[in-house]
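For reference, the chains in residue letters:
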Amino acid sequence: MTIAGIVGLLAFDFFFHVRKAHTPSLKEAAVWSAIYVGIAVLFGLGVLILGGTTMGAEYFAGYITEKALSVDNLFVFLIIMASFRVPRADQQKVLLFGIVFSLIARTGFILLGAALINSFAWVFYIFGLILLITAGNLLKPGSHDDDESEGLVVRLAKKYLPASAHYDGDKLFTMENGKRVLTPMLLVMVAIGGTDILFALDSIPAIFGLTQNVFIVFTATAFSLMGLRQLFFLIDGLLDRLIFLSYGLAAILGFIGVKLILHALHENTLPFINDGEHVNVVEVSTGVSLSVILGVLVVTVVASIFSPKGKAKNAVSGAKRHAVEYLDLNYETDMVERDKIFARMCREEDQIRKLPEKYKRLIRNETEFLELLRSAHDEHDKAQVRADAKG
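Residues numbered from 1 in each chain as written. Predicted model: local features only at pLDDT ≥ 70, side-chain atom pairs only at ≥ 80, totals over all residues. Heavy atoms only, no water.

- Where an unreviewed UniProt entry is consulted, the chain appears under the name Tellurite resistance protein TerC, with the organism given as Arthrobacter nitrophenolicus.

This is the structure in structure tokens:
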């Protein structure tokens, strides 16, 4: 019944929201994000009532952790779609594909992880080590500034398969010079799919560190992915402002990694550790885990939102994104839409001018950045001249 419900939600999302290319309004994104979170919470209350306090706490701890990791994944999705210059109206379809692919990949990892845990207790040591390494990687500066967003598969596809440099609506293949070739839409979906597999390698050990109940692991993971598309458009302008999110996630993953290793010691069967006997260690309860996860996330988000550096970084990245978006508009785009994007860029430019000098250093490749803004201003002037001529 749960799987049927999830498939039904995905089908509804595709046929009623994504099939026709459009950019969701802020209201649409907010309403549907709230609906999907509401469904996840209601499901969790059902688990709490029917399965008991422990199962309910495990579900909510898993859901919150996976949701936080999903928001972190949106940073990478944003980089990938920006590098491929995916038209704004088609980004929904790319995100929905990513969600479906991620759900399939993670289901496979969940079944594999459950089989390994049931057969080999020492797997908890490996899961704990994976999370501690991931936490360390998140603490590295510039963890979301990776320009290698395409991945090996996409680079090989570009090199050895015929590919077009231009989009043809939302088609995956198109005809160019009489030949059938790949479009950037297919390549960006491959890039999203490849990164989803890497994300699963981090997120599945994390949730197994909170519960070994496969039903809870699957449902918490699935519901954390539902509504991710709408959430992307809702917090798109705030993603860069969450400058401390990676530190918060590092703390959470590090905490769960330690919890897993403690559990592995408690269940120990390895002969070279305590002669193969269980080690008497303190185990962290689900209630404590849920409190730590919620506390870290609240502190992280509040600190990010009120951080002057976060506001500055958000203004810089927003101006760059809106300048690129404006320059990618075609001649048929009406002036109302052009003015809307241009006004956002101008507001962000004004915020940048008012920044203290130390925050202006956040602008990477300043000459290139300023040239991009000038090009957007020049293009807007030309668009106004064309509109006046038509009028």
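1. A short note on the overall build of the chain
Moving on, step 1. Along its length, the chain carries 15 helices and two strands.
Moving on, step 2. Compactness check: the chain gives a C-alpha radius of gyration of 23 Å against a globular reference of 21 Å for 391 residues, within 12% of the reference.
Moving on, step 3. Across the 391 residues in the chain, those meeting the buried criterion constitute 46%.
Moving on, step 4. Looking at the chain alone, contacts between residues at least 24 apart form 77% of all its contacts between residues at least 6 apart.
Moving on, step 5. Split by element, the accessible area of the chain, about 19900 Å² in all, is 64% carbon and sulfur. (Helix = DSSP H or I, 4+ residues; strand = E, 2+ residues; numbered from the N terminus. Rg over C-alpha atoms; globule rule 2.2 N^0.38 Å. Buried < 20%, exposed > 50% of the residue type's maximum accessible area, 1.4 Å probe, protein only. Contact = heavy atoms within 4.5 Å. Areas by Shrake-Rupley, 256 points an atom, 1.4 Å probe, with all protein chains shown as cover.)

2. Quick look at helix α13 (residues 335–353)
Moving on, step 1. Here α13 spans 26 Å end to end across 19 residues, near enough to the 27 Å set by a 1.5 Å rise per residue.
Moving on, step 2. Taken as a whole, α13 has its buried residues at Arg338, Ile341, Phe342, Met345, Glu348, Glu349 and Ile352. Here the buried residues of α13 occupy an arc of 120° about the axis, which is enough to place them on one side. Along α13, the residues that are exposed and aim more than 90 degrees away from the buried face are Val336 and Arg347.
Moving on, step 3. On its buried face, α13 sits against α12 (308–327), α14 (357–360) and α15 (366–390). (Expected span 1.5 Å × (residues − 1). Arc of directions from axis to C-beta.)

3. Things to note about the nonpolar core
Soluble globular proteins tend to bury their nonpolar side chains together.
Moving on, step 1. Of all hydrophobic cores here, the largest spans 81 residues; its most connected members are Tyr59, Val188 and Phe208.
Moving on, step 2. The dominant element in this core, judged by the number of residues it contributes, is helix α3 (residues 53–83), at 13 residues.
Moving on, step 3. Contact partners of Val188, with chain neighbours within four places excluded, come to Ile80, Met81, Phe84, Val86 and Val94.
Moving on, step 4. Grouped together as the second largest cluster of nonpolar side chains are 18 residues, Ala319, Ile341, Ile363 and Ala383 included. (Core = buried A, V, L, I, M, F, W, Y, C linked by side-chain atoms within 4.5 Å.)

4. A closer look at the packing of helix α7 (residues 184–208) against helix α8 (residues 214–225)
When two helices pack together, their arrangement is given by the angle between their axes and by how far apart the axes lie.
Moving on, step 1. Two elements in contact, α7 and α8, have axes separated by 10 Å at closest approach and are oriented at 130°. With respect to α8, the element α7 is oriented oblique. In this structure, the crossing between α7 and α8 has a hand that is right-handed. Mapping the contact onto sequence places Ile204, Ile207 and Phe208 in α7 and Ile216, Val217, Ala220 and Thr221 in α8.
Moving on, step 2. Of the residues in the contact of α7 with α8, the class split is six nonpolar, one polar and no charged. (Axes fitted to C-alpha atoms, helices over the stretch in contact; angles between N-to-C directions. Parallel < 35°, antiparallel > 145°, perpendicular 65-115°, else oblique. Left-handed = near helix turned anticlockwise from the far one by under 90°. Nonpolar A, V, L, I, M, F, W, Y, C, P; charged D, E, K, R; others polar.)

5. A look at the pattern of salt bridges
Moving on, step 1. One pass over the structure, following the stated rule, counts eight salt bridges.
Moving on, step 2. A salt bridge links Glu66 to Arg106, with the nearest nitrogen and oxygen atoms 3.6 Å apart. In this pair, Glu66 sits in helix α3 while Arg106 sits in helix α4 (residues 91–119), placing the two residues 40 residues apart along the sequence. Arg106 shares its class with Glu66; the two are buried.
Moving on, step 3. As a salt-bridge pair, Glu371 and Arg374 come within 3.2 Å of each other at their nearest N and O atoms. Note that Glu371 and Arg374 are positioned in helix α15 at a spacing of three residues, about one turn of the helix.
Moving on, step 4. Here Glu371 falls in the partly exposed class, since its relative accessible area comes to 41%.
Moving on, step 5. Residues participating in the shared-partner salt-bridge network are Glu349, Asp350, Arg353 and Lys354. (Salt bridge = Lys/Arg side-chain N within 4 Å of Asp/Glu carboxyl O.)

6. Here's the deal with the environment of Gly254
Moving on, step 1. On the secondary structure map, Gly254 appears in helix α10 (residues 245–266).
Moving on, step 2. Sequence separation between Gly254 and Ser285 is 31 residues; the distance between their C-alpha atoms is 16 Å.
Moving on, step 3. With residues up to four places along the chain from it excluded, the contact list for Gly254 reads Leu132 and Ala135.

7. Brief notes about the pairing of strand β2 (residues 179–182)
Moving on, step 1. Two strands pair when backbone bridges link them, and strand β1 (residues 173–176) and β2 are joined in this way by four bridges, in the antiparallel orientation. Note that in β2 the partner of Glu176 across the bridge is Lys179.
Moving on, step 2. In textbook terms, the turn of a hairpin is the stretch between consecutive antiparallel strands, and for β1 and β2 this stretch comprises two residues, one of which, Asn177, has a positive phi near 55°. (Pairing = 2+ DSSP bridges.)

8. With respect to the environment of Phe233
Moving on, step 1. You can see Phe233 is positioned in helix α9 (residues 228–235).
Moving on, step 2. Judged by its relative accessible area of 7%, Phe233 falls in the buried class.
Moving on, step 3. With 156 residues separating them in the primary sequence, Phe233 and Phe77 have C-alpha atoms 12 Å apart.

9. Quick word on the packing of aromatic side chains
Moving on, step 1. This structure, assessed with the given rule, holds 13 aromatic pairs.
Moving on, step 2. Here the aromatic rings of Phe43 and Tyr59 are separated by 5.6 Å at their centres, their planes lie at 55°, and the arrangement is tilted. With Phe43 in helix α2 (residues 26–51) and Tyr59 in helix α3, the pair connects residues that are 16 residues apart, well separated along the chain. For the pair Phe43 and Tyr59, one class covers both residues: buried. (Phe/Tyr/Trp six-rings, centres within 6.5 Å; stacked < 30°, edge-to-face > 60°.)

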